[in-house]
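The lines below spell out each chain.
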Amino acid sequence: ALLAAKQSKWEKCRKEAEERMKELGDYFSGERPLTRVKKNENLQRWFHDISGKVASIDYQDSTQAGRKIQQLIQALEGVEQFQEVEDNLQVKQFLADTRGYLNAMIRVV
């Protein structure tokens, strides 16, 4: 049962990580209601780009997937150093959640 559910767990984690990155990209557009963040096109593009990279990870190629996921985790840790991200607890939580999903994907692979 565990092996049968392996790929579905992978897909669920990948989808969650991808959606969180899209939401953060939208957040930094400065156009979402109830947000008081200044528009930052660089962070907006960056998060949308990361979302695309998460979506492109292939479950079948476990070695390559593991490497890509590790690079994405490092990139997410690096982006936390930016002032716009560091000062916002909600964004930091989204990043931590996403890293958790990516780590779960590594364990599944």
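Given the structure is predicted, the values throughout are model-derived calculations rather than measurements.

Draft legend 1. Representation of the nonpolar core. In this structure, Trp10, Phe47, Leu95 and Leu102 are the most contacted members of the largest nonpolar core, which totals 27 residues. Looking at this core, the elements with two or more residues in it are helix H1 (6-27), helix H2 (41-55), helix H3 (62-79) and helix H5 (89-108). If one sorts the elements of this core by residue count, H5 sits on top with seven residues. Those residues in contact with Leu95 that sit more than four places away from it in its chain are Met21, Leu24, Phe47, Leu76, Val79, Glu80 and Val85.

Draft legend 2. Spotlight on the packing of H1 against H2. Packing of H1 against H2 brings their axes to within 7 Å, and their N-to-C directions diverge by 165°. Taken together, the axis directions place H1 and H2 in an arrangement best described as roughly antiparallel. The handedness of the crossing between H1 and H2 comes out as left-handed. For the pair H1 and H2, contact is made by Arg14, Ala17, Glu18, Met21, Lys22, Leu24, Gly25 and Asp26 and by Gln44, Phe47, His48, Ile50, Ser51, Val54 and Ala55, respectively.

Draft legend 3. The confidence of the model for the chain, seen in detail. In the predicted model, the chain carries a mean pLDDT of 88, and the fraction of residues at 70 or more is 94%. Ranking the elements of the chain by mean pLDDT puts helix H4 (residues 83-86) last, at 83, and H3 first, at 93.

Draft legend 4. Molecular detail of the packing of H1 against H5. Here H1 crosses H5 at 155°, and the two axes come no closer than 9 Å. When the axes of H1 and H5 are compared, the pair comes out roughly antiparallel. By crossing handedness, the relation of H1 to H5 is classed as left-handed. Touching Lys6, Lys9, Trp10, Cys13, Arg14, Glu16, Ala17, Arg20, Met21, Glu23, Leu24 and Tyr27 of H1 are Val91, Phe94, Leu95, Asp97, Thr98, Tyr101, Leu102, Ala104, Met105 and Val108, all from H5. Of the residues contributing to the contact of H1 with H5, the split by class is 14 nonpolar, one polar and seven charged.

Draft legend 5. Region of interest: the packing of aromatic side chains. Per the counting criterion, the structure on display carries four aromatic pairs. Pairing Trp46 with Phe47 gives two aromatic rings, centres 5.1 Å apart and planes at 80°, and the pair type is edge-to-face. Trp46 gets classed as partly exposed once you look at its relative accessible area, which sits at 25%. Assessed through its relative accessible area of 0%, Phe47 is described here as buried. An aromatic cluster is built from Tyr27, Phe28, Trp46 and Phe47, whose rings are joined through pairwise contacts. If you follow Arg20 out to its NZ or CZ, it ends over the ring of Phe94, 5.3 Å from the centre.

Basis of the calculations
- Residues numbered from 1 in each chain as written.
- Predicted model: local features only at pLDDT ≥ 70, side-chain atom pairs only at ≥ 80, totals over all residues.
- Heavy atoms only, no water.
- Core = buried A, V, L, I, M, F, W, Y, C linked by side-chain atoms within 4.5 Å.
- Buried < 20%, exposed > 50% of the residue type's maximum accessible area, 1.4 Å probe, protein only.
- Helix = DSSP H or I, 4+ residues; strand = E, 2+ residues; numbered from the N terminus.
- Contact = heavy atoms within 4.5 Å.
- Axes fitted to C-alpha atoms, helices over the stretch in contact; angles between N-to-C directions.
- Parallel < 35°, antiparallel > 145°, perpendicular 65-115°, else oblique.
- Left-handed = near helix turned anticlockwise from the far one by under 90°.
- pLDDT = per-residue confidence, 0-100.
- Nonpolar A, V, L, I, M, F, W, Y, C, P; charged D, E, K, R; others polar.
- Phe/Tyr/Trp six-rings, centres within 6.5 Å; stacked < 30°, edge-to-face > 60°.
- Lys NZ or Arg CZ within 6 Å of the ring centre and 35° of its normal.

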